[in-house]
Amino acid sequence: MIERLLLFLLFLLGFWGILAKHNIIKKIISLNLINSAVVILFVLEGSRIGNKAPILEEGIAGIVDPVPQALMLTAIVIGVCVTALSLALAYRLYKAAGTFNIEDIRKEVSRK
Amino acid sequence: MKKSAVGSVFALLLISAVVLPVFLSSYQWPVTARDHLELKGVEESGATNLVSAIYLGYRAYDTLGETIVLLVAVTGTIGILKKAGAVLEDRHSFALPGEMRRANYMRTHLLEAVTSKLGPIVLLFGFYVMLYGHLSPGGGFQGGVVVASGIVFLALGSSGNASSALIRQDMLGRIEAVAFLMLLILSISGIFTGEGFLDNPLKHYSSLPAAFIIVLNIIIGLKVGAGIGVMCIIMLGKE
Amino acid sequence: MSPEGLAFAPVLLPLLGAAIVFLAKAFFRGRGAVIAEYTGVFTGLYLPWLALIFLFPVVINGSAVTGVIGHWNSGVGISYRFDGLAWMVNVLGYTLGGAAWLHSLSSGPKGPSFSAIFLIQTAALGAAIMTADLFNLFVSLEVLGISSYILVSSSEKPGAALASFSYLMVSSTAMVFFLLGLFGLYRITGSLSYEGIAAGSGHLEGNTLATAVISLSLLVGAIAIRVAVMPLYGWLPDAHALAPHAVSAVLSGVLIKTPLFALSRILILFPIGKEAGQLMSYAGAATALLAVIIALSQKDAKRLLAYHSISQIGYIVCTWGAAVAVGIGTKAGTLLMAAAFLHALFHAVFKGLLFLSIGSSVDAAGERDVYKLRGAVSILKRSGDKAAIAFFGFLVGALSISAIPPFNGFTSKTAMTYLLKYYGQSGTVLYWMLTVAGAGTAASFIKLSRIYWPGKDEAYRDLPDRKGALAVLPASVSILFLSLLCIAGGIFTPLIFRTVTALLSGSPLSMGEGFSFFSAGNLMKSLYTAGAGIFVFLLATGRRGGALLTKVRERPRSFQGLFVSYALAAAAMAGWLLYHAFL
């Protein structure tokens, strides 16, 4: 229970960062936070039905659910790709506006 | 309190009310998929590592989509960075006096000496992770990322001149393009041999049931390694 | 070739084309690279038509190609379902994709990277509509999203990078919520395929039911962002206005509709899905009306078109939601869904046409302000478009979107409003909201057409002849092709409508006894709407109307607002569904 509450708080922390932080780099990091919160939750809950890693050597029984692990592998990679792209966009915005503050960037861009 | 802060707090409260039940749900985790895989997984896919069996067997189509996301992200990131122009002026250069390199940010001789020696070893380890993905933790993607860090090490240790063809952008681009085409051809080949899309076309030719997974691991590893490698090299500001 | 292999052709051929383009980029230089790139695009954008033609007899009688990819066990493997709906959405995507890529040869951006990402985006559209697996839908939507962020940012304007960044942030955040919803449903049902989820969520109660309902609302919310229904529209105007013209056409024409039709596959799994459809239907009607008011206030030509995309998607969501609410399997549901698809198809054609022809015109003039640009016809002629084909395209598109007979917008809007009034929940209200929005649309396009009115074009007389006649040829061909489709679509609507219903339900249906698209009543209604449009236009250009619209245009917009409205929408959807599930 306590783990899930902590993950919930991590999720809220990330959402708050996306909402209220003005620095776009912080926004990108916050996006990673909420993504991680869901990924960890999925893998954690999927491990509640067993206690062995899903590598079926001789005599292994009672493995955890391997499906969440495979799914989250995909989700993590997609998260990395989105992060890389958003950092590149942030770099381009910084070159164009000279700041990382989202409101200043908006003003600067609409002025041009 | 500012108006925007009120909006943020309001939104946060709404969202927490919505997602809280999903986070705290304590419904018994389903066991059907796990039980099936524990009984039949190795027999059906040939891979001892069940995560690999799902990743490149049962749900290989998702993995195809994921490699495409990576391919698009790499292409797009490179395009955006190139459009934004040269790298930022660096005010904290670690370049030694007299060095004539363009890309000399955050670099010392120490870093150079260590990374150039480590690079080949990291590459080798990457290929190990790639090749044994069906038996032990690892696989094409993980191995590919290790290969990419090996490439980055080589690039960091190359003292400005391309001492290895592996750190040239055009070479990495070629590896990536060829690996992507081979991945597609492998996925489609099942349609023509009568097995069906993404079904194992080697079923009747190989005594090793995991052969298809191993081949996919190698190709995905090469593609990921080349893709992430070229992206990192461009972000390093290399020409 | 087996139907199974054919069904994947619309996804795999564009990917193969993209692989060829990447190879061309890596290995060839100069002429060889261009030839290889065009080969790749031909493989990816035009060859799939062959597969679609062969698939038509398979899906026309209501049957579908289904199975598990790779023939794995269905509990873990990925299920797919290529049916009439998937076939139609593919037709929509390839029609507009082919025309838009052709236009990009004239208007840019050119180059192998653009072509390859364009092809991958087309492939993702096909994948999203034919999947029957929740996680695979997640992956398809991410491919779709990431390629469109890049295509939006491929424009030279710095605003495009900001638009792309906002789109990326809000849509990626929504996809995390999608993943959370997927987690909730997997935890309860132990399955990822649609059939497995439906079987596992049959009789739930108490906390479990609440979790399932909230998970569903998270999925719906994430997809509603992509569809840009009110109040989640905030990212769209900038993205669609600042993207390159060809990309704007595809984004507005295809990209915002595919997730909607993919969503209908999920909603029919749950009994509570009908209520979700009902709420979406109301939101759609509100979207249609509000977005048209904002559109009327815009001064940037492409931004005006972007707000009309929101308004028109509102029509589609309204009808689509009503179809889900009455049940897709029933006769009324089939008719409403067919009308929604008809408008999605026709809107793709005329909005693509409008973006491309307006794009050609503003490029020729180098000016996008509706209040400043005049005499665009002679500017077009001087820039190489000797027959002013872009103006002809605009005319056809504007008459279509304003629902003037016999163009295609007239018949699809008539079908939607008629069926909503007849079958929809509180349909009369929806009918009137959509009709008023129609008058606003006409007014807004009278305003936009002023850029072609003669006069004041001396300012643009010194423009250098930037493009020759040869350079505008691909653009003109694509504009003529789409214009032809607008007219043909309007005239052959009864036939198309019967085909669409046959694809959806297996047997052709007609609108109803004694209904005719071109009846005197419908023609009169179109006349009244156009008249009301002129009246609204006069009001809007008056002193008071102008001041009011300036206020609308200058309303405060912020990045934070995107997320606050997302939170509001997610909470509203969850609350609405919980209310109907428990009370």
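Quick caveat: nothing in here was measured; it's all calculated off a predicted structure.

So, about the overall build of chain A. In terms of regular secondary structure, chain A is built from four helices and zero strands. Its helices and strands in sequence order give chain A the pattern α-α-α-α, from N to C terminus. For a compact globule of 112 residues, the expected C-alpha radius of gyration is about 13 Å, and chain A comes in at 19 Å, more than 25% above that figure. In terms of overall dimensions, chain A has a C-alpha envelope of 65 × 30 × 15 Å along the principal axes. Long-range pairs, those at least 24 residues apart, make up 47% of the contacts in chain A with a sequence separation of at least 6. Only carbon and sulfur atoms are counted for the fraction: they give 63% of the accessible area of chain A, which is about 4600 Å². Charge separation in chain A, taken as the distance between the mean sites of 12 positive and 8 negative side-chain charges, equals 16 Å.

On to helix H5 (residues 84-107) of chain C, then. The terminal C-alpha atoms of H5(C), which comprises 24 residues, lie 34 Å apart, in line with the 34 Å expected from a rise of 1.5 Å per residue. Of the residues flanking the end of H5(C), it is Gly108(C), one or two places downstream, whose phi is positive at about 80 degrees.

Residue and element names in this part refer to chain C. Mapped onto the fold, Thr-122 is located in helix H6 (residues 112-130). Under the relative-accessibility criterion, Thr-122 is labelled buried at 7%. Among the polar contacts made by the side chain of Thr-122, one reaches the main-chain carbonyl oxygen of Phe-118 at a distance of 2.9 Å. Residues contacting Thr-122, with those up to four places away along its chain left out, are Leu-45 and Tyr-94.

A few words on the interface of chain C and chain B. On the side of chain B, 56 residues touch chain C, which itself brings 62 residues to the contact. Interface of chain C and chain B: buried area, both sides summed, is about 5200 Å²; carbon and sulfur atoms make up 76% of it. For chain C, the biggest contributors to the area lost against chain B are Trp72(C), Val76(C) and Arg187(C); these three give 15% of the whole. In this assembly, chain C and chain B are joined by one salt bridge. Note that Asp133(C) is salt-bridged to Arg59(B), the shortest N-O span being 2.6 Å. Counting across the interface, chain C meets chain B through twelve residue pairs in polar contact (both at pLDDT 80 or more). Sorting the residues of the side of chain C that touches chain B by element identifies helix H1 (3-7), helix H2 (9-27), H6, helix H7 (134-153), helix H8 (158-189), helix H10 (206-227) and helix H25 (559-582) of chain C as the ones contributing at least two each. The leading source of residues in the side of chain C that touches chain B is H2(C), at eleven residues.

In this section: the layout of surface pockets. Think of a ball as big as a water molecule: rolled over the atoms, this probe shows where empty space is left. There is about 910 Å³ of room inside the second largest pocket. Surrounding the second largest pocket, 23 residues form its lining, Val109(A), Ser110(A), Asp238(C), Arg303(C) and Arg557(C) being those nearest its centre. For the lining of the second largest pocket, the residue count by class is six nonpolar, three polar and 14 charged.

All right, on to the environment of Ile151(B) then. Residues and elements named next belong to chain B. Residue position: Ile-151 is located in helix H6 (residues 140-156). A relative accessible area of 2% means that Ile-151 is categorised as buried. A C-alpha to C-alpha distance of 8.6 Å links Ile-151 and Val-230, two positions 79 residues apart in sequence. In contact with Ile-151, other than residues within four places in its own chain, are Leu-123, Leu-166, Ile-167, Leu-172, Gly-225, Gly-229 and Ile-233.

Turning to the confidence of the model for chain B, a few remarks are in order. Residues and elements named next belong to chain B. Mean pLDDT for chain B: 83, with 86% of residues reaching 70 or above. Mean pLDDT across the secondary structure elements of chain B bottoms out at helix H2 (residues 32-45), with 85, and peaks at helix H4 (residues 60-83), with 91. Model confidence for the complex is summarised by a pTM of 0.94, with the ipTM given as 0.96.

Another point: the side chain of Arg59(B). Residue and element names in this part refer to chain B. Checked against the element boundaries, Arg-59 lands in the loop between helix H3 (50-58) and H4. Classification of Arg-59 by relative accessible area gives buried; the value is 3%. One polar contact links Arg-59 to Asp-62, side chain to side chain, over a distance of 3.0 Å.

Taken together, the contact between chain B and chain A spans 50 residues of the former and 46 residues of the latter. With both chains or domains summed, chain B and chain A bury close to 4200 Å², and 79% of this area falls on carbon and sulfur atoms. Considering only the surface of chain B that becomes buried against chain A, Phe23(B), Trp29(B) and Arg34(B) emerge as the three largest contributors, covering 19% of it. Where chain B packs against chain A, one counts zero salt bridges. Secondary-structure elements contributing two or more residues to the side of chain B that touches chain A are helix H1 (3-24), H2, H3, H4, H6 and helix H8 (211-235) of chain B.

About the criteria used
- Residues numbered from 1 in each chain as written.
- Chains lettered and ligands numbered in written order.
- Predicted model: local features only at pLDDT ≥ 70, side-chain atom pairs only at ≥ 80, totals over all residues.
- Heavy atoms only, no water.
- Helix = DSSP H or I, 4+ residues; strand = E, 2+ residues; numbered from the N terminus.
- Rg over C-alpha atoms; globule rule 2.2 N^0.38 Å.
- Contact = heavy atoms within 4.5 Å.
- Areas by Shrake-Rupley, 256 points an atom, 1.4 Å probe, with all protein chains shown as cover.
- Lys, Arg positive; Asp, Glu negative; His and termini not counted.
- Charge placed at Lys NZ, Arg CZ, Asp CG, Glu CD.
- Expected span 1.5 Å × (residues − 1).
- Buried < 20%, exposed > 50% of the residue type's maximum accessible area, 1.4 Å probe, protein only.
- Polar contact = N/O pair within 3.5 Å; in protein donor to acceptor, adjacent residues only side chain to side chain.
- Buried area = accessible area lost by both parts, 1.4 Å probe.
- Salt bridge = Lys/Arg side-chain N within 4 Å of Asp/Glu carboxyl O.
- 1 Å grid on protein atoms, 1.4 Å probe; cavity = no way out; pocket = protein on both sides within 12 Å on 5 of 7 lines; lining within 4 Å.
- Points joined across faces, edges and corners; volume = space filled by probe spheres on them.
- Nonpolar A, V, L, I, M, F, W, Y, C, P; charged D, E, K, R; others polar.
- pLDDT = per-residue confidence, 0-100.

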